[in-house]
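Results of the structural survey
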Amino acid sequence: MSTNEKIHLVVEILSCRDLLAGDRTGLSDPYVKVKLGKKELHRTNHIMKTLNPVFDASSKSKFILDCQYQELVDAGGLELDIKDWDAGFRGNDRLGSVVIPPTDLLNPQEEKEYAITPPPGGTKYLKEQTDAGFVTISYRSAADNEVVCSPSKIFSGVFHKEEDTNGTKVLVDENAFPEDKDILIEIVSCRNLLAADKTGLSDPYVKVKVGTKDLHTTKHVLKSLNPAFSSDHNNALVLSNVRDMYLAGGLTFKVKDYDPGILGGNDELGAITVPSSTIYELNGEKEFHLSPPKGHGEDAGFITIRCRDATLGDKEDWKMRKSLIGKMVGKVDSHNNVAMPDDIMKCIDKEDKIFLLEIVSCRNLLASDKTGLSDPYVKIKYAGKTVHETKPIHRTVNPVFTKDTKNSYILDVPTMDLFQKQGLQLKVKDHDPLFSKNEGLGTVDVSADELYNFISEDSKEFKIDPPSGKSDDAGYLTLKCTILTESERDAHKRGLLSRLGIQAKSNSSSISSMPDGCDLTLLIEIVSCQNLPKADRNSSDPYVKVKMGSKDIHKTAVISKTCDPIYTIATGSLFIIHVNEKEFRENEVGLEFKVKDKDTVSKSDELGIVRVSGKALCDAAGERMPLPLDCADGSESLLNLRCRPATGYDLKFMEYAAQHKKDPNAGFLSVDKRLDILLKPKIRPSKTLLMKEKDHMEDNGIEKFRVRPNPDPARLAQTKWLSHDEIQSESLKPSAQWISIGSGDIGYVFVEVIGASGLPNLDKGLGSGKSDKTDAFCLLVCENCCAKTDIIDNCLNPRWLPWMQRAFRINLDHASSDLFLGIFDYDDGLSGDHDMIGRVPIELSGMVPNTEYLLTLPLHADSFSSERKSNGTITLRIRIEYSACRDVVLSSLKYPPPQPFINVKAKKDYKIIRKTMIGQTDYSAYSLSTLKLYIEELTSYLYVQYYLQDAVISLLFWRGQVPFLFGIKIPLHSAIAFYMAITMAENPYLAFSYFWLANAWLLLAIQTWRNNLPNVWFKTKSFSQIFRMLVLNMPLTSAEAIPANYRESEAVAYQEAMDVRIAKAGADAVKRNEEYMRLQAEHNEEMAALQGQEADTDISTQSSSISIDPLKKVLYPIQQLLASLCTVFRFARNVYLWDEPFFAFFYTLASFVIGLVFLVIPWGFFIRWVGRIVAWGIFGPHMKLVDIFYYSKLPSQTKEDVSKQIAQDLNTQRLRAKEVAQIAFEQTEDAQKLKAMKELLFGSWVVKIPVINTERFRDFPLFSSSATLYDKSLDDDLKIVKLGGQKLVGTMIPQLKEFDDKKRAITPLNKDKDI
């Protein structure tokens, strides 16, 4: 080919395979750049997260090569440079290159694969690679009519035959585009966004782009991480040109935080490019995972969009929405058409810009002082608010402003907002340091259109309008405007903050929190030390100092008198470092950790040192790293660390922790607000001042009562005074608002506190007179959450009405969890603690879903004494719903079961939570009366003999036991017992199997007996119901509605008969015992008379002593033993009586399985052959030969061998003990760190909440209770405020576990294991 001949080819990059990994995830975001010598000819779009990209028209795979052949020869061929795309400061990493020889391009190829040459040194994450993958391309001769449109024309929808400025043609393949249509796109919502503000929230809005062009911008939603967008937020757009979208490779949705303030930029919270085909084919909603901005880990939340074909009405609506700004500033004619200025109309399709405004100078200003000069400064106002102000320059009318005078300001607002606010206003003023007002020297109004059309880095002089009342020439102001990229904005903000003397704070949504040159933020935790040397006599006082290079960057607190310190958030275990990743990785000594012993008198001794490489810290992902310390005395000491990249939540948490150290009352991430809502309910204001106010009156002969603490806000006049019947009627209406608490994910418990009746007056004698009564409020405790109702003052029969705080939705974590409820008399800070009225534990495991219970339960202040008295009743409306039935059943198998704790800040709250759990009296302390109660409880279990006696008589005499046809009961249990007895008599080996089968049979019989009792509130879930939940994952069949007082007379008669029988049997036992004691006393007298005749030869002095507490050392351990024994008996009782139905189910199922397995084992054959093998193998005459040829020839062990064997056994035991001790130490670490974290977030007063209820008494609903079937569709109308619980998830910096209703558990940004 002649060197002057032209090359005119269509080149298409088809695909790559087996590329190198350019990201930490092991993937890349590859694109291909085509170069001819040093000239770039073409660049494809990047394809996210793949090592095997396939390029098509949407990724700009084709281009036209139009050059001289000699150019190819001189350049050495056509070069394809494969790169990994990176957002932010970091450059795009090379993945390899291919050079296509000029001769190859002479022969058209439909598809040809070239090996990629790896970059020198490999990639950042894969060093020195010899294989970089392959790229496949095609090239063919281009037809004369194959032309392109320039980039400036692509997005206007105009397609011409023309070349761009470089003379390069870009191919438009008409076959690559589907049929054109209008698509309605709606931004529905976002969730789990990054927090950009100090409040832990953001003001998010969404920007939609096609290529580099802004298509649409929504309005921002204030203070939310889970915004829902509606038509009020301008959330919909109509895409009318599908071709544009395919050329750009899809639509880009950017979620940003709106910030109009000083130094504020609209920080990016995340982005996603949705492929063109997905937008085109989507008909409905779809959620997409947002890619985080640089430096924010891997989780930036989710965005949900909805797409469908647009109708004519949609397009009209879209046009009207685009006219929204015009409605604000334009005029509406008689036909409701909007007349908008041209510049406002233009702004709808304008791209957002970031402006750096610099006030350069002023000249010929007005003279404000007597000297004929002024002290001018410039104030910038946006939307009527001052957003920036320069420093004054003294004694001049021609000031020149520099960086030292704060002359620059970054304006980063949506273009639509800029045009709506009509630009900026600059006010020139004269500074007066005394008390007089700063005098205005004039103003400059810069319109939005002028500002938007500024040429970057250009300066423009504006004429200053004189202040009112002055007609003189006010001079001129020179303004410079530079258009910034996001990275340039961040760099400028850092420099500006530094000049202002402000230290950049950690910000979860902005890279500006990093120092210059840094691109990686690491969170490091000093976990603990082990086996440190003893610097003092018996221990050390260790602390850890951390150095980076020669600079000290962190120091923990001192932990006294220990060689195994555990560091927590309270002792400075956590710290943040910002590094340049590339440089830090190459550093062999990234950080140096010195463990020292604190000595107040002399210099602190060094206990050990360890140096950790930068690479090890960069590669760490939060796992526990035990590092051996270099100790002077050679001790085998360890320093345990954790490290991982810091998330936005981590940065914000560390900022709060530092603030909390200075101010312990500082709130954090709305935690204080949650606690205030839950634990600081409403009470009628200034109660002591309202004593003179009447609480009741008469209206037309009807007594009415003042509604407390407040009437319905929506019906103030109608609900200020209500009669008794009206209050009762109102209390039964649905609640206006629900508060969602708890951290579980297996189901919900909906609880409404309706009212209480017959409460004792605990304020008698207090206050001003007889009118002062109990001020009642209710406390609910379940798992790791608690909440209070509002306070009803001066009332012994309080009713909580629908508009009050009374309704709670509890998220359950364990199937056997109970709800504990306490009623207290409120006392303010001057009156002491809140007085307990009563409590009641409510069993949730026996409740049936889709059933609404209206329960009336007795209240008792004591939880243990058999002489406890009722202090009134409480009425609740309660129901339970399960998310997944199988998960509910399996949750009872968690071992160990989750142990929840509740932390509170106030000691008063701690006391009432503890009393709600254990009652008024703490029976864990030593007391003779407590010991007597435990003995009494153990004795009470003997009453089971009367129930067993009935069962045995029914079994032996074949009485009816199981209902059959027509109400006839058949002796089924007797038949089963008879069959087992006769078969076991013939085959004794069946005893193993029959023992377990009889156990399962007993459990089923007890369940049947219990569910057939007259009292319907004794019923529990059956074995078949739980089996259905486990195997079929299907809900329980709804229980029948239970009317009030159902079968009351039968239940009362049955219970009275049993009580009489037990009392009679007890009286008989007492008489027999008295007779036995009388006879025993007579016998002892006779024996003493006979023994008195023996000689007394002991003449020594008898010692005697008096003990201050002679019984406690003996009796308190016995009390603790009896307490443990009672707990075991209570749990066994609850299982056998099906009070714990899920445990009873698995025990029954296990008994069945074991019994059936034992049933098929041929025990007779097994025992017979084991016996034969033992008899013939061990006791036979052949053992003589074993002795001659083997045993007698074994060498006898010397003392050294015995000692060696003993030492080996002891060493094995020591190693096992070390393993157990290490596991225990790590568990102690987790517990102490969790405790410190919860104390920081929630408070230092901690209450342990039992998951499994092992109380002595079980309180059942009264007969006035009822149950009705519930329509779940009513849940759609519930207004729920989600506050959550106190469950923390993750290591290092755990986060609150959050939930939503559709997708239950939402793990936080830090997806580590659950502590």
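Here the residue numbering is sequential within each chain, running from 1 through the sequence in written order. Where totals are concerned, whole chains, interfaces and linings use all residues; where local detail is concerned, this predicted model gives features only for residues with pLDDT of at least 70, and gives and counts side-chain atom pairs only at 80 or more. Remark: hydrogens and water are excluded; side-chain values derive from all non-hydrogen atoms of the structure.

Turning our eyes to something else, we now look at the overall build of the chain. The helix count covers DSSP runs of H or I at least four residues long, the strand count covers runs of E at least two residues long, and both are numbered beginning at the N terminus. The number of helices and strands found in the chain is 29 helices and 56 strands. When burial is assessed residue by residue, the chain has 46% of its 1315 residues classed as buried. The contact criterion used throughout is that any non-hydrogen atoms of two residues lie within 4.5 Å. The long-range fraction of contacts in the chain, counting pairs at least 24 apart against all pairs at least 6 apart in sequence, stands at 67%. Reported accessibility uses the Shrake-Rupley method at a 1.4 Å probe radius. Residues are deemed covered only where the shown protein chains occlude them. Summing over all exposed atoms, the chain offers an accessible surface of approximately 67200 Å²; the carbon and sulfur share of this is 55%. For every residue, the accessible area obtained with a 1.4 Å probe (protein chains only) is divided by the maximum for its type, and the residue is called buried under 20%, exposed over 50%, and partly exposed between those limits.

Bringing the environment of F462 into the picture now. Looking at the secondary structure, you find F462 in strand 25 (residues 458-463). For F462, a relative accessible area of 7% corresponds to the buried category. Spatially, the C-alpha atoms of F462 and C362 are 9.4 Å apart, while their sequence positions differ by 100 residues. Ignoring sequence-local partners within four residues, the contact set of F462 consists of V444, V446, E450, F454, G475, Y476, L477 and L479.

This part covers the sheet that holds strand 33 (residues 625-628). Strand pairing follows a simple DSSP-based rule, namely that at least 2 bridges must link the two strands. The antiparallel open sheet is built from four strands, whose spatial order is 30-27-34-33. The open sheet terminates on both sides in strands that have one partner only, identified here as strand 30 (574-579) and strand 33. Taking the axes of each pair of neighbouring strands and ignoring which way they run, one obtains an average angle of 35° across the sheet. Pairing between strand 27 (residues 520-530) and strand 30: six bridges, direction antiparallel. Of the residues in strand 30, the one forming a bridge with E525 is L574. Against the sheet, helix 13 (residues 648-662) touches strand 27, strand 30 and strand 34 (638-645), its axis set at about 125° to strand 30. A fitted line through C-alpha atoms represents every axis, and for helices the fit uses only the stretch in contact; the resulting angles, taken between N-to-C directions, go from 0 to 180 degrees.

Working definition: a ring pair exists when centres of Phe, Tyr or Trp rings (six-membered ring for Trp) sit within 6.5 Å. Plane angles under 30 degrees give stacked, over 60 give edge-to-face, the rest tilted. This model, assessed by the stated rule, comprises 22 aromatic pairs. Ring geometry for Y649 against F653: centres 6.4 Å apart, planes inclined by 25°, an arrangement best described as stacked. Of this pair, Y649 and F653 both sit in helix 13, four residues apart, roughly one helical turn. Residue Y649 shares its accessibility class with F653, and that shared class is buried. Members of the aromatic cluster, each reached through a chain of ring pairs, are F1023, F1027, F1145, F1146 and F1152. For a ring to carry a charge above it, either NZ of a lysine or CZ of an arginine must fall within 6 Å of the ring centroid while also lying within 35 degrees of the normal to the ring plane. One residue, R879, lies across the ring of F750, its end atom 3.9 Å from the ring centre. When the ring centre of Y1270 is taken as reference, the NZ or CZ atom of R879 above it lies at 3.8 Å.

What follows concerns the environment of L1111. Along the chain, L1111 falls in the loop between helix 24 (1048-1091) and helix 25 (1112-1136). In sequence terms L1111 and L928 are 183 residues apart; their C-alpha atoms lie 9.4 Å from each other. With sequence-adjacent residues up to four places away left out, L1111 is seen in contact with Y926 and Y1116.

A separate point is helix 13. Helix span, as expected, comes to 1.5 Å for every residue beyond the first. The terminal C-alpha atoms of helix 13 lie 22 Å apart, and with 15 residues this matches the ideal 21 Å at 1.5 Å per residue to within 8%. Within the span of helix 13, buried status applies to G648, Y649, D650, L651, K652, F653, M654, Y656, A657 and H660. Against strand 27, strand 30, strand 34, helix 29 (1199-1242) and strand 54 (1295-1296) lie the buried residues of helix 13.

What follows concerns the packing of helix 25 against helix 26 (residues 1141-1160). In contact at an axis separation of 8 Å, helix 25 and helix 26 are set at 75° when each is read in the N-to-C sense. Comparing the axis directions of helix 25 and helix 26 gives the class roughly perpendicular. Facing helix 25, whose interface residues are F1131, V1135 and Y1136, helix 26 presents F1143, A1144 and Y1147. Each residue gets one of three labels, nonpolar for Ala, Val, Leu, Ile, Met, Phe, Trp, Tyr, Cys and Pro, charged for Asp, Glu, Lys and Arg, and polar for the others, Gly among them. Class assignment of the residues belonging to the contact of helix 25 with helix 26 gives a composition of six nonpolar, no polar and no charged. With respect to orientation, any angle under 35 degrees is reported as roughly parallel, any angle over 145 as roughly antiparallel, any angle of 65 to 115 as roughly perpendicular, and every other angle as oblique.

Let us look at the pattern of salt bridges. Definition used for salt bridges: Asp or Glu carboxyl oxygen within 4 Å of a side-chain nitrogen of Lys or Arg. Applying the stated criterion across every chain yields a total of 45 salt bridges. Notably, a salt bridge pairs E287 with R191, separated by 2.8 Å at the nearest N-O pair. Here E287, found in strand 15 (residues 284-289), pairs with R191, found in strand 9 (residues 183-191); they are 96 residues apart in sequence, far enough to count as distant. Linked through salt bridges whose partners overlap, the residues forming this network are E581, R585, K615 and D619.

As a further point, take the pairing of strand 39 (residues 747-757). Among the eleven residues in strand 39, ten count as buried, and that is most of the element. Inspection of the sheet shows strand 39 paired to strand 46 (residues 870-882) by ten bridges, in the antiparallel sense. Following the sheet pairing, A756 is matched in strand 46 by I874.

Two elements in contact, helix 13 and helix 29, have axes separated by 11 Å at closest approach and are oriented at 75°. As the angle between them shows, helix 13 and helix 29 are arranged roughly perpendicular. Packed against helix 13, whose contacting residues are F653, Y656 and H660, the element helix 29 presents M1237, L1240 and L1241 at the interface.

Strand order across the open sheet formed by four strands is 4-1-8-7, with antiparallel pairing between neighbours. This sheet does not close on itself; its edge strands, each paired only once, are strand 4 (62-68) and strand 7 (109-115). When the angles between neighbouring strand axes are averaged without regard to direction, this sheet yields 30°. Bridge analysis of strand 1 (residues 6-17) against strand 8 (residues 134-141) gives eight bridges, and the strand direction is antiparallel. Within strand 8, the position partnered with E12 by the bridge is S138.

Our focus in this paragraph is helix 19 (residues 928-940). With 13 residues, helix 19 extends 18 Å from end C-alpha to end C-alpha; this agrees with the ideal 18 Å at 1.5 Å per step. When we look at burial in helix 19, the residues that qualify are T930, L931, L933, Y934 and E937. Relative to the axis of helix 19, the buried residues are bounded by an arc of 160° and lie together on one face. Residues of helix 19 that are buried sit in contact with helix 25. Picture the helix axis, draw a direction to every C-beta atom, and the arc is the one those directions span.

Patches here are clusters of residues that have more than 30% relative accessible area and form no salt bridge, with a 9 Å joining cutoff for like charges and a 5 Å cutoff for nonpolar side chains (Val, Leu, Ile, Met, Phe, Trp, Tyr). Where nonpolar side chains cluster on the molecular surface, the patch consists of F1166, I1167, V1170, V1174, I1178 and F1179 and spans about 600 Å² of accessible area. Along the chain, the position of F1179 falls in the loop between helix 27 (1163-1178) and helix 28 (1183-1189).

Attention now moves to the nonpolar core. One finds I874, I878 and I913 to be the most contacted residues of the largest nonpolar core, which totals 86 residues. Considering each element in turn, this core owes the most residues, seven residues, to strand 40 (residues 776-782). Excluding residues within four positions of it along the chain, I878 makes contact with V749, F750, V751, L819, I842, L844, M847, T851, E852, Y853 and L855. Among buried residues, those of type Ala, Val, Leu, Ile, Met, Phe, Trp, Tyr and Cys that are joined through side-chain atoms within 4.5 Å constitute a nonpolar core. Residues I183, V206, L215 and F229 belong to the second largest nonpolar core, which totals 39 residues.

Time to look at the confidence of the model for the chain. The predictor rates its confidence in each residue with pLDDT, a number between 0 and 100. In the predicted model, the chain carries a mean pLDDT of 80, and 83% of its residues have values of at least 70. Segment residues 1302-1315: pLDDT under 50, and 49 contacts once partners within four positions in sequence are set aside and those in other chains are kept.

Looking now at unusual backbone geometry. R708 connects to P709 through a cis peptide bond whose omega is 5°. Mapped onto the elements, P709 comes out in the loop between strand 36 (702-706) and helix 15 (716-719). Here W1138, not a glycine, exhibits a phi torsion of approximately 65°, which is positive. On the secondary structure map, W1138 appears in the loop between helix 25 and helix 26. A residue is classified by how much of its surface remains accessible, and W1138, at 0% relative accessible area, is buried. Phi at M1292 takes a positive value of approximately 65°, unusual for a residue other than glycine. As for its position among the elements, M1292 is in the loop between strand 53 (1288-1289) and strand 54.

This part takes up the side chain of H216. Here H216 shows up in strand 11 (residues 213-217). Within the local environment of H216, its side chain forms a polar contact with the backbone oxygen of N234, the two atoms lying 2.6 Å apart. Setting aside residues up to four positions removed in sequence, H216 forms contacts with V206, K207, V208, N234, N235, A236, L237 and W318. N or O atoms closer than or at 3.5 Å make up a polar contact, with two conditions inside protein: a donor-capable atom paired with an acceptor-capable one, and, for residues adjacent in sequence, both atoms drawn from side chains.

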